[in-house]
Amino acid sequence: MDLRIFTEPQQGATYDTLLTVAKAAEDLGFDAFFRSDHYLRMGSADGLPGPTDAWITLAGLARETKRIRLGTLMTAGTFRLPGVLAIQVAQVDQMSGGRVELGLGAGWFEDEHKAYGIPFPKEKFARLEEQLEIVTGLWATEVGKTFNHDGKHYQLTDSPALPKPAQPKVPVLIGGHGATRTPRLAAQFADEFNIPFASIEDSERQFGRVRAAAEQAGRKGSDLVYSSALVVCVGKDDAEVARRAAAIGREVDELKANGLAGSPAEVVDKIGRYEAIGASRIYLQCLDLADLDHLELISSQVQSQLS
């Protein structure tokens, strides 16, 4: 079971804070550092000192880390033109020595688009499908050949399809709860399917849909990695769990029901239940980025038991 650290910087974090967390995650043996791609805080957080851009952040981390993999859950398709995104991700992959992964979604948070003047199209899913075709198509085009795309939303003519990522293939993540279109897109384009903040029962049902869609598309269901993203709140005792829950504005019982919360033993047990339904990777949503002791506890008391 791979454990990855997943952050939500729009809630309030500087680049230096993210760098500190990423380096700690690397030193503590976690598999990857991922971040959301949002420009506006959610809920009651003040969001200070303001948003950081996902791919600028990852470019910086690419030069400041050595082993840990880096990526997004999920880059918003509404934020970037697909040709530009392909260049950005390829460049960051080169900067990291081949450690980047691209999670790409349609974009959903309308308020952040209004706040920063970003168009919020009514039809986003069809755009996402074209974006996936373009990004993966540009990377797959042989050097010396050109890439063309004549779609409803995007047109590319005689693109040199450069630069290329350092990796032969940048892993592409697709996720969500949609029952039909999401599994179909995952079957066509994804190396990994992620379901965020879902129960074991709902996750098992969605994993089954993706496996079935993959087989219908001529792939093996086992060709994809299946993963979950869950909020994490671990403590050595009940008092520490309660303190960490209060720090992120959540209730312990709710966290235990909907996330990974409690003692290390409780969390290991629940991760095992996700593993039993096919998840081989967990993204641990860490909301208190100042609490590095939390990461150390997870590493020493949870991750050590899983490995």
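Residues numbered from 1 in each chain as written. Predicted model: local features only at pLDDT ≥ 70, side-chain atom pairs only at ≥ 80, totals over all residues. Heavy atoms only, no water.

(A) Representation of the packing of aromatic side chains within the structure. Scanning the model with the defined rule gives six aromatic pairs in all. Taken together, the ring pairs in this structure connect Y39, F79 and Y116 into an aromatic cluster. Directly above the ring of F120 sits K124, whose terminal nitrogen or CZ lies 4.2 Å from the centroid. Against the face of F125 rests R181, its NZ or CZ located 4.2 Å from the ring centre. (Phe/Tyr/Trp six-rings, centres within 6.5 Å; stacked < 30°, edge-to-face > 60°. Lys NZ or Arg CZ within 6 Å of the ring centre and 35° of its normal.)

(B) Just the side chain of H294, in detail. Within the element layout of this structure, H294 appears in helix α11 (residues 292-306). H294 gets classed as buried once you look at its relative accessible area, which sits at 8%. A polar contact is formed between the side chain of H294 and the backbone nitrogen of V234, at a distance of 2.9 Å. Beyond its immediate sequence surroundings of up to four residues, H294 is in contact with V232, C233, V234 and R244. (Helix = DSSP H or I, 4+ residues; strand = E, 2+ residues; numbered from the N terminus. Buried < 20%, exposed > 50% of the residue type's maximum accessible area, 1.4 Å probe, protein only. Polar contact = N/O pair within 3.5 Å; in protein donor to acceptor, adjacent residues only side chain to side chain. Contact = heavy atoms within 4.5 Å.)

(C) Just the side chain of R80, in detail. Along the chain, R80 falls in the loop between β4 (75-76) and α3 (82-96). A residue is classified by how much of its surface remains accessible, and R80, at 9% relative accessible area, is buried. A polar contact of 2.9 Å, which involves the side chain of R80, links it to the side chain of D37. Within the structure, R80 has its side chain in polar contact with the side chain of D53 (distance 2.7 Å).

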